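Spelled out from the first residue to the last, the chains are:
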Amino acid sequence: MRALVISGGGSKGAFAGGVAQYLLEELDHDYDLFVGTSTGSLLIPHLALHKVEKIKEVYTSVDQSSIFSHRPFLIKKDKYGGKQISIAHLRVLRNFFRGSKTFGESHNLRKLIKETFTEEEFIELKSGPKEVVVTVSNLSLNQVEYKSINDFEYEDFLDWIWISCNYIPFMSLVKKEGCEYADGGFGSMVPIEEAINRGATTVDVIILETEITYYNRLPSKNVFSLLTNMHAYMLDRVEKQNIRIGKFVAGNKDAVINLYYTPTVLTTNSLIFDKKMMASWWESGFKYAMQKNTELNEIKMQDS
């Protein structure tokens with residue numbers, strides 16, 4: 001059984017889309033299982049249906065308003081041409097006055113998921129041989145949960161995809177089935193182990209971080225940059241642990257893992273959705289996968 005695993009990474013999901021497009025269309029990989037976390041959960045239903053161009057159009061056309069119904073931060077350019085976020089005080093206060101437990105809300109993302117993944121596509125995917133699994137964090141029970149398309153009806157599965165992407169406290173905290181849920185990346189950023197436990201013997205893994213840390217984070221300038229830096233630190237630890245565990249489990253079960261990291265640092269803030277940059281990242285992902293597989297083929301030919 002062959003599986004495709006896509007990690008979390010917000011706007012960097014565009015890079016993962018490019019890698020997946022190469023694996024599906026150029027290498028003709030036929031995946032039986034798709035497992036995603038956060039932005040990976042958005043990608044995998046469309047990839048399982050081989051509707052690559054459709055999801056590419058989504059990832060290269062969204063902006064902040066496509067995701068946030070209440071965006072809690074402002075985006076400013078720094079003197080080096082980069083982008084920094086700062087708290088939008090009035091927006092956050094209004095959100096708290098509405099009774100929200102988070103700084104911002106992402107109900108527009110839930111609407112976008114429904115608009116782009118139709119009930120007809122859901123039925124087609126659910127009735128087919130491929131399994132699609134999304135990762136969520138159950139904060140109430142302090143555990144990671146994996147939600148398969150085979151176990152839910154349309155609206156419920158859309159909820160799980162949305163919940164998998166909710167990067168709290170910047171996005172919505174969702175109460176479902178009596179529990180509070182959030183982004184799957186808080187517990188399982190790279191769900192390799194789950195793919196192998198479900199029977200995968202070959203796993204292609206797209207990781208939306210560089211294999212080696214190439215930079216030191218800039219000092220925090222405000223509470224939002226401090227929070228994003230802190231979250232990034234924690235998720236980086238989770239990611240590395242997931243990969244170590246995944247490799248260990250693969251070794252014990254004779255599974256093969258192919259890892260696709262980003263070759264460069266794409267962004268230091270994946271909450272910023274820039275159409276132009278995301279279109280560039282998609283193309284970069286495709287070219288990177290092509291280059292990586294060309295190099296692997298050359299090595300194999302030399303060894304033989």
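Note: the structure precedes this text.
Cut-offs used in this document
Residues numbered from 1 in each chain as written. Predicted model: local features only at pLDDT ≥ 70, side-chain atom pairs only at ≥ 80, totals over all residues. Heavy atoms only, no water. Helix = DSSP H or I, 4+ residues; strand = E, 2+ residues; numbered from the N terminus. Expected span 1.5 Å × (residues − 1). Buried < 20%, exposed > 50% of the residue type's maximum accessible area, 1.4 Å probe, protein only. Salt bridge = Lys/Arg side-chain N within 4 Å of Asp/Glu carboxyl O. 1 Å grid on protein atoms, 1.4 Å probe; cavity = no way out; pocket = protein on both sides within 12 Å on 5 of 7 lines; lining within 4 Å. Points joined across faces, edges and corners; volume = space filled by probe spheres on them. Nonpolar A, V, L, I, M, F, W, Y, C, P; charged D, E, K, R; others polar. Axes fitted to C-alpha atoms, helices over the stretch in contact; angles between N-to-C directions. Parallel < 35°, antiparallel > 145°, perpendicular 65-115°, else oblique. Left-handed = near helix turned anticlockwise from the far one by under 90°. Contact = heavy atoms within 4.5 Å.

Mind laying out helix α1 (residues 13–26), listing which residues take part and the relevant values?
The terminal C-alpha atoms of α1 lie 19 Å apart, and with 14 residues this matches the ideal 20 Å at 1.5 Å per residue to within 8%. Burial within α1 is extensive, with 12 of its 14 residues counted as buried. Directly after α1, the chain includes D28, whose backbone phi takes a positive value near 55 degrees.

Break down the pattern of salt bridges for me, with residues and values.
Under the counting rule described, the total for this entry stands at 18 salt bridges. Linking E209 and K12 is a salt bridge whose minimum nitrogen-to-oxygen distance equals 2.9 Å. Taken together, the positions of E209 in the loop between β9 (202–207) and α10 (223–252) and K12 in the loop between β1 (2–6) and α1 put the pair 197 residues apart, joining distant regions of the chain. The residue D156 makes a salt bridge to K176 at a minimum N-O spacing of 2.8 Å. Taken together, the residues span a long stretch of sequence, with D156 in helix α8 (residues 154–165) and K176 in strand β7 (residues 174–176) at a distance of 20 residues. Residue D156 is classed as partly exposed on the basis of its relative accessible area of 32%. For K176, a relative accessible area of 11% corresponds to the buried category.

Tell me about empty space enclosed by the protein, and name the residues and values.
Across all of its chains, the model carries one cavity of 30 Å³ or more by this definition. Of the volumes computed, that of the largest cavity is approximately 60 Å³. Residues of the lining of the largest cavity, tallied by class, amount to four nonpolar, four polar and two charged.

An account of the packing of α1 against helix α3 (residues 52–59) is needed here, citing residue identities and associated values.
Packing of α1 against α3 brings their axes to within 10 Å, and their N-to-C directions diverge by 165 degrees. By the angle class used here, α1 and α3 are roughly antiparallel. Where α1 crosses over α3, the two elements pack in a sense that is left-handed. The residues of α3 that touch α1, namely those facing G13, A14, Q21, L24 and E25, are V52, E53 and Y59. A per-class count over the contact of α1 with α3 returns four nonpolar, two polar and two charged.

Take it as geometry only, folks, not as evidence of what the structure does.
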